[in-house]
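# Structural characterization, general
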Amino acid sequence: VGTDPNEILQQLESKSSTKKMCELAIQKDHPTSAIASLRVLKAIISRIAANISHNNSRELANDIPPAVINVTSLVIPYATKVLSNTECKETKPLPMQYGTLTPPLGMLRLHLIKLLAELIRIPL
């Protein structure tokens, strides 16, 4: 249909779009939507980190993109709460070769950690 991919990416990285995705990511009632939102946010953050690294520009690093601000302010407090909650009654401990995971990581926790790892890569 002739839509410019850069326009679509800019719209996805906009403050309003990333805020909506962050809100979806922290919903407790819809874990599938939360995981999908976390995956999209990770892709956006990864692209931003690559652009900042590729351009190697202090001006770009000093102008923090709205997507990074939204993820930092909305998702990190939720991630802290989820990742520090070790009293998960829904899952059984998972025995591993090196010890027992209590609670097991699970898809939501895994994608939260992947998103946090991408945030760490941003050279700010």
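Everything numeric in this text was worked out from a predicted model, so none of it was measured. (Residues numbered from 1 in each chain as written. Predicted model: local features only at pLDDT ≥ 70, side-chain atom pairs only at ≥ 80, totals over all residues. Heavy atoms only, no water.)

## Topic: the side chain of N70
Inspection of the secondary structure assignment puts N70 in helix α5 (residues 66-84). Using a relative accessible area of 6% as the deciding quantity, one classes N70 as buried. Ignoring anything within four residues of it in the chain, the contact list for N70 reads K15, T18, K19, C22 and V75. (Helix = DSSP H or I, 4+ residues; strand = E, 2+ residues; numbered from the N terminus. Buried < 20%, exposed > 50% of the residue type's maximum accessible area, 1.4 Å probe, protein only. Contact = heavy atoms within 4.5 Å.)

## Some words on the packing of helix α2 (residues 15-25) against α5
Relative to each other, α2 and α5 sit at 15°, their axes nearing to 9 Å. The angle between the axes of α2 and α5 places the two elements in the roughly parallel class. Here the hand of the crossing between α2 and α5 comes out right-handed. Contacts between α2 and α5 pair K15, T18, K19, C22 and A25 from the former with P66, A67, N70, V71, L74, V75 and Y78 from the latter. (Axes fitted to C-alpha atoms, helices over the stretch in contact; angles between N-to-C directions. Parallel < 35°, antiparallel > 145°, perpendicular 65-115°, else oblique. Left-handed = near helix turned anticlockwise from the far one by under 90°.)

## Structural notes on the nonpolar core
Grouped together as the largest cluster of nonpolar side chains are 21 residues, with contacts concentrated most on L41, I45, V71, V75, L112, L115 and I122. When residues of this core are traced back to their parent elements, those giving at least two are α2, α3 (31-55), α5 and α6 (106-121). Once residues lying within four places of it in the same chain are set aside, the contact partners of L41 are T18, M21, C22, A25, V71, V75 and L115. (Core = buried A, V, L, I, M, F, W, Y, C linked by side-chain atoms within 4.5 Å.)

## Describing α5
Its 19 residues give α5 an end-to-end C-alpha distance of 27 Å, which sits within 8% of 27 Å, the value for a rise of 1.5 Å per residue. Largest kink in α5: about 40°, centred on V75, with the proline P77 one to four residues after it. Among all positions of α5, only A67, V68, N70, V71, V75, Y78, A79 and V82 are buried. (Expected span 1.5 Å × (residues − 1). Bend = angle between axes of the 7 residues up to and from the residue.)

## Brief notes about the confidence of the model for the chain
Averaged over all residues, the pLDDT of the chain is 79; the fraction at 70 or higher stands at 81%. Put simply, helix α4 (residues 58-62) is where the chain has its lowest mean pLDDT, 53, and α6 is where it has its highest, 87. (pLDDT = per-residue confidence, 0-100.)

## Looking at a nonpolar patch on the surface
Nonpolar side chains collect at one region of the surface, where I8, L12 and V40 lie side by side and expose about 210 Å² of accessible area between them. Along the chain, the position of I8 falls in helix α1 (residues 5-12). We classify I8 as partly exposed; its relative accessible area is 43%. (Patch = residues over 30% accessible without salt bridge, like charges linked within 9 Å, V, L, I, M, F, W, Y side chains within 5 Å. Areas by Shrake-Rupley, 256 points an atom, 1.4 Å probe, with all protein chains shown as cover. Salt bridge = Lys/Arg side-chain N within 4 Å of Asp/Glu carboxyl O.)

## Brief notes about the packing of α5 against α6
Each pair of packed helices gets described by two things: the angle between the helix axes and the distance between those axes. Where α5 meets α6, the axes come as close as 10 Å, and the angle between the chain directions of the two elements is 140°. Judged on the interaxial angle alone, α6 and α5 are oblique. Classified by chirality, the crossing of α6 by α5 is left-handed. Residue-level contacts link V68, V71, T72, V75, I76, Y78, A79, V82 and L83 of α5 to L108, R109, L112, I113, L115, L116 and L119 of α6. Of the residues that constitute the contact of α5 with α6, the class distribution is 14 nonpolar, one polar and one charged. (Nonpolar A, V, L, I, M, F, W, Y, C, P; charged D, E, K, R; others polar.)

## A word on the pattern of salt bridges
Inspection of the entire model under this criterion finds two salt bridges. Between E118 and R121 there is a salt bridge, with its nearest N and O atoms 2.8 Å apart. Of this pair, E118 and R121 both sit in helix α6, three residues apart, which is roughly one turn of that helix. The exposure class of R121 is partly exposed, given its relative accessible area of 45%.

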